[in-house]
Amino acid sequence: MGRFFTFLFFAFSSLALEAQSIVGAWHGSLKLPQGELPLVLHIDEDGGSLKATFDSPKQNAFGVPVDSVFFDDPRFRFVVSTAQIRYEGQLVNADSIAGTFAQGQGKFAMGLKREHSEASSPAERQGATTKADSTYLQKLQSLEPLLEQVLRNHLAAGYAVAVVNKDSIIYSRGFGYRDWENKKPMTANTLMPIGSTTKAFTAALIGKLAEDRKLSLDEPVRRYFPKLEFADEYLSANVTLRDMMTHRTGLPRYDYSWYFFPTDSRDSLLQRVRHMKATAGFRETWQYNNFMYLAQGMVAEHLTGKTWEQLIMERFFAPLRMIRSNTSIAALQKHSDIALGYSLKDDSIINKLEYYPIKAMGPAGSINSSVNELSAWVMTWLDKGKFEGKEVIPAAYVNDAISSQMVMGTGIPGAVHPDLHFSTYGLGWMLSSYHGHYRVEHGGNIDGFSANVCLFPTDGLAIIVLSNQNASGVPAAVRNLIADRLFGQSYYAWSKPGKAGGDTGEESDKQDLGRVAGTKPGHPLKDYVGEAHNPAYGSFKVKIRQDSLFAYLPRDSFYLKHYHYDVFEAKSIDPKTGVDTTAGGLKFNFLTDEIGKIDRIQARLDPGAKEPVTFTFRPSAVSLSAEELQAYVGTYEISSMFVKVFLKKSVLVVSVPGQPDYETQPLGDHAFKPLALDGYLFRFEADKEGKISALHFIQPNGTFKAVKEGR
């Protein structure tokens, strides 16, 4: 039998019926085939009306709203219509209810017993029992007006937050909407992508395999996974898993490779690494690289014979009872309480974005979860790898992972916040000092979503913030506001009113000083049509549509707006609103060979690289019939040397004495490109009657003319 509940819809109705005799906490237990499932029903009275929520501690679900509550002594009923749950019973005595729990077609007898030591609020009932928990809760509740203000300051659709103290959720709540258009509220159980906070899971998986002696973090990874090859043989022979986990291989991000050129094949993505150029020395500089986390996931797959997705489910989701968490957009969309992603358009419009299916790059960032379910994950880290007394992550690895492994930046204290300093990386975690508290955290971003998972291990506290706003400052602002309040810091405006990006909007009215005005493309549009390829990225095509150029990448297409000379600016295309008209954008520079033909395209795809990425360019072939090709066939004489042109099946071949035969590709306008030569072109000449009369060899050292015999 599957999970019983569909979680968290904050709108509920209630009836004003003898509230005083039923109010309280009621405990029951469903006896299911797979074991008992304890439930706690919390009934409160509000203005003479009844309202209720229930907890399912084993499923890590708390404060699930009840749609309606009915009590007419002795009859009692509650309904959660969205989950098809209905309970009907009778009050046997002041502390006991006998009845039947039904969900769908299943019916189970379940009694309820009143608890007399009811906690004062749903957040306190989430395991909060200590005096410290109560103090923290009061501080967080007093902070809620500021947490609401964060939404308005950032013009965000919504976010969810959970705060954990040791092994208890002391606060969890949703703010705003998971579905902006339909005004569906965000909840603490709302699932959404968590982006790169996935990395701590993947790294911990490697840590578990190290504990099982299936690998070592400090031996060359080639010993366990020979598929991983770098452009530099020294890297191939010496890079370790620890190097990969701490982003110190010397490779820059190369994020556009997997983002703009996705594939469902992990092997295909991994093969690109051998073509990636390092921009720093080995173990010299911290440079973030998602491909190294892809490779870690593949190492785990190779050594266990299971997929990364299976391993994450078995090693973490199952023991932590993260039963709704998953690793794909397809799995996410099977649930009802999920968030839609949004961006901020024109600094004022909340704009819906489509989900980005990370697929093959999953080990670097494809987990979807909720703040309530991630609470079990952070509890494990706070308890040195144990959850409810059982080891989930080896304690030695936990200590290693949250210890400094690589310097990220200077981390020098600033004038405004002198007690915020040091900046290092652990194993899938970023480390720093926050007002004298040791902070371990990691952010995550993917289309429409931003996340932050933060631990204060020496304080026994953790803060989780998930937002459905693209590249948002919300998670960091909420994290800092909460940490400041819990640690007794004076108020600082981490979230300020204004545009989410923090700019003034004035730049859009200024002239682009980098653009040379009044220039035109150096070629007719048809010369820009073709296919470009780079082995570290992939391939894309340039086509003409309605007298304009468009770049077609595997996932997206872009309008290429002329910028200056042979440089075009890529403009994204929204299916609803059309071409993006805002200033700026990725620029494609079309370059030519010595004979004036476009042979490569450059684009600055990686901010960490000094040089732009170069794609080789081949113009699109023109389709010519055998009859049309026959017009070029013949013998051509140049300086007493005879060149033969003939057809080999449907391919025109040029044969020069003493050289190999050159198969060609027709480009139009009597031009043919020799497939085996770059920088060379064969162009035929026609006389006034349209008959082919000569062949021009256009090459780097000049142009040479051969005259056709018998013309």
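Residues numbered from 1 in each chain as written. Predicted model: local features only at pLDDT ≥ 70, side-chain atom pairs only at ≥ 80, totals over all residues. Heavy atoms only, no water.

A. A look at empty space enclosed by the protein. By the definition in use, this model includes 4 cavities of 30 Å³ or more. Taken as a whole, the largest cavity holds about 70 Å³ of empty space. Tallied by class, the residues present in the lining of the largest cavity amount to 10 nonpolar, no polar and no charged. A volume near 50 Å³ is recorded for the second largest cavity. Forming the walls of the second largest cavity are Trp26, Leu39, Val40, Leu41, Phe54, Phe78, Met110 and Leu112. Residue assignment for the lining of the second largest cavity shows that the elements contributing at least two residues are β2 (35-46) and β9 (106-115). At 3 residues, the largest contribution of residues to the lining of the second largest cavity is made by β2. Partitioning the lining of the second largest cavity into residue classes produces 8 nonpolar, no polar and no charged. (1 Å grid on protein atoms, 1.4 Å probe; cavity = no way out; pocket = protein on both sides within 12 Å on 5 of 7 lines; lining within 4 Å. Points joined across faces, edges and corners; volume = space filled by probe spheres on them. Nonpolar A, V, L, I, M, F, W, Y, C, P; charged D, E, K, R; others polar. Helix = DSSP H or I, 4+ residues; strand = E, 2+ residues; numbered from the N terminus.)

B. Structural context of the environment of methionine 379. With respect to the helices and strands, methionine 379 occurs in helix α11 (residues 371-382). Owing to a relative accessible area of 9%, methionine 379 belongs among the buried residues under this scheme. Once residues lying within four places of it in the same chain are set aside, the contact partners of methionine 379 are Val164, Lys166, Asp167, Ser168, Ile169, Lys386 and Phe387. (Buried < 20%, exposed > 50% of the residue type's maximum accessible area, 1.4 Å probe, protein only. Contact = heavy atoms within 4.5 Å.)

C. Geometry of the nonpolar core. The biggest cluster of nonpolar side chains holds 122 residues, and the ones touching the most others in it are Phe201, Phe291, Trp377, Trp381, Trp429 and Phe540. Contacts of phenylalanine 540, omitting those with residues within four sequence positions, involve Phe261, Gly530, Glu531, Ala532, Ala551, Tyr552, Leu553, Phe588, Ile601 and Phe615. (Core = buried A, V, L, I, M, F, W, Y, C linked by side-chain atoms within 4.5 Å.)

D. Looking closely at the pattern of salt bridges. For the coordinates displayed, the defined rule picks out 32 salt bridges. One salt bridge in this structure joins arginine 173 and glutamate 144, with 3.4 Å as the shortest N-O distance. Taken together, the residues arginine 173 in strand β11 (residues 168-179) and glutamate 144 in helix α2 (residues 131-154) connect sequence positions 29 residues apart. You can call arginine 173 partly exposed: its relative accessible area is 22%. Notably, a salt bridge pairs lysine 359 with aspartate 264, separated by 3.5 Å at the nearest N-O pair. Highlighted residues: lysine 359 in the loop between β15 (349-353) and β16 (368-369) and aspartate 264 in the loop between α6 (255-260) and α7 (266-271), separated in sequence by 95 residues. On the basis of relative accessibility, which here comes to 60%, the residue aspartate 264 falls in the exposed class. Here the salt bridges share partners, and the residues they tie into one network are Glu144, Glu148 and Arg173. (Salt bridge = Lys/Arg side-chain N within 4 Å of Asp/Glu carboxyl O.)

E. Layout of the sheet that holds strand β22 (residues 437-446). The strand order across the open sheet formed by 9 strands is β12-β11-β10-β24-β23-β22-β21-β20-β19, and the pairing between neighbours is antiparallel. The open sheet has two free edges, formed respectively by β12 (184-185) and β19 (406-407), since each of these has just one partner strand. With 5 bridges connecting them, strand β20 (residues 420-425) and strand β21 (residues 430-434) associate as antiparallel partners. Opposite tyrosine 425, over in β21, you have methionine 430 as the bridge partner. This element, α11, spans β10 (158-165), β11, β23 (449-456) and β24 (461-467) of the sheet and lies at about 150° to β24. (Pairing = 2+ DSSP bridges. Axes fitted to C-alpha atoms, helices over the stretch in contact; angles between N-to-C directions.)

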